[in-house]
Amino acid sequence: MRIRLLAVGNKLPSWVDEGFNEYLKRFPASCSLELIEIPAEKRSPHTKHMGALQQLIDREGEKLLAAIKPGNRIITLEVTGQLWTTEKLASHIEKWQGEGRHIDMLIGGPDGLSEACSRKADTKWSLSPLTLPHPLVRIIVAEQLYRAVSILNNHPYHR
């Protein structure tokens with residue numbers, strides 16, 4: 001199974017890439033993880049106006065939707081999504097592998113996901129009821145996916 005993390009934002013601090021890449025290199029060949037960076041729309045003092053901000057979020061959403069591969073399961077990362085334990089995530093991954101579909105996970109930019117992305121989702125996943133910085137979400141998702149795959153492979157990482 002191939003999991004693609006479609007994430008708004010590029011040119012992030014080096015610690016984000018280092019953290020993400022640490023988990024990326026651990027993935028087994030049976031379940032690959034790939035990061036697709038979608039450039040964020042440029043923010044300015046004028047985008048604080050709600051209408052202008054919503055237009056930026058919508059444009060970022062259009063870019064995310066355009067990057068989705070046909071036939072892939074779409075999972076959005078949203079604060080209002082379902083909360084799962086790591087074991088539940090492992091169960092979902094096992095089920096999704098059985099379906100034979102690849103996965104596209106969508107992470108919004110600093111102001112969240114567009115409504116169009118949310119509507120397109122097959123599944124909505126929440127890492128926490130807290131609002132997390134979108135660069136950190138990349139690392140958390142990579143770690144949790146690796147942990148869930150480790151459970152499925154009886155690897156000792158998840159103790």
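Below is a summary of the structure that appears in this document. Here the structure is a predicted model, which is why all the values come from computation and not from measurement.

Reading guide: rules and limits
Per chain, residue numbering runs from 1 following the sequence as it is written. Totals for whole chains, interfaces and linings use all residues, but because this is a predicted model, local features are given only for residues with pLDDT of at least 70 and pairs of side-chain atoms are given and counted only at 80 or more. Computation of side-chain values: all heavy atoms of the structure, hydrogens and water removed. Grid points spaced at 1 Å over the protein atoms alone were grouped into cavities, where a 1.4 Å probe fits but cannot get out, and pockets, open sets with protein on both sides within 12 Å along at least five of seven lines, with lining residues defined by an atom within 4 Å of a point. Grid points are joined across faces, edges and corners, and a volume is the space filled by probe spheres set on the points. Numbering of helices and strands starts at the N terminus; helices are DSSP runs of H or I of at least 4 residues and strands are runs of E of at least 2. Pairing between strands is defined by DSSP: at least two bridges between them are needed. Fitted lines through C-alpha atoms give the axes, limited to the stretch in contact for helices. The angle between two N-to-C directions lies from 0 to 180 degrees. The contact rule is simple, with two residues in contact once any of their heavy atoms fall within 4.5 Å. Stacked, tilted and edge-to-face are the three classes assigned to paired rings of Phe, Tyr and Trp, where Trp is represented by its six-membered ring and a pair needs centres within 6.5 Å; plane angles under 30 degrees give stacked, over 60 edge-to-face, the rest tilted. Throughout this description, buried means an accessible area under 20% of the type-specific maximum (1.4 Å probe, protein chains only), exposed means over 50%, and partly exposed covers the range between. Here roughly perpendicular refers to angles of 65 to 115 degrees, roughly parallel to angles under 35, roughly antiparallel to angles over 145, and oblique to all remaining angles. Just so you know the grouping, Ala, Val, Leu, Ile, Met, Phe, Trp, Tyr, Cys and Pro go in nonpolar, Asp, Glu, Lys and Arg go in charged, and all remaining residues, Gly too, go in polar.

### Side note on the layout of surface pockets
Within this model, the largest pocket holds a volume of roughly 470 Å³. Lining the largest pocket are 23 residues, with L77, E78, V79, G112 and L132 sitting closest to its centre. Where the lining of the largest pocket is concerned, the elements lending two or more residues are β3 (73–83), α4 (115–120) and α5 (134–152). Among the elements that line the lining of the largest pocket, the one with the most residues is β3, at four residues.

### Some remarks on the sheet that holds strand β5 (residues 123–126)
Read across the sheet, five strands follow the order β2-β1-β4-β3-β5 without closing on themselves; strand pairing throughout is parallel. Each edge of the sheet is formed by a strand with only one pairing partner; in this case those strands are β2 (32–38) and β5. Each strand of the sheet is rotated relative to its neighbour by a mean of 30 degrees, with strand direction disregarded. Here β3 pairs with β5 via five bridges, running parallel. Bridge pairing in β5 places I75 opposite T123. Set on the sheet, helix α3 (residues 86–99) makes contact with β3, β4 (103–107) and β5; between it and β3 the angle comes to about 160 degrees.

### Things to note about the packing of aromatic side chains
With the rule as written, the count across this model stands at four aromatic pairs. Aromatic pair Y23 and Y146: ring centres 6.5 Å apart, planes at 45 degrees, arrangement tilted. One end of the pair, Y23, is in helix α1 (residues 14–24); the other, Y146, is in helix α5, with 123 residues separating them in the sequence. Summarising the burial analysis for this pair, Y23 and Y146 share the class buried.

### Observations concerning the packing of α3 against α5
Between α3 and α5, whose axes approach to 8 Å, the crossing angle comes to 75 degrees. The pairing of α3 with α5 is recorded here as roughly perpendicular in orientation. Seen from α3, the contacting residues are T86, E87, L89, A90, I93, E94 and Q97; seen from α5, they are Q144, L145, R147, A148, V149, I151 and L152. The residue makeup of the contact of α3 with α5, split by class, is eight nonpolar, three polar and three charged.

Everything listed is a geometric property; what it means functionally is a separate question.
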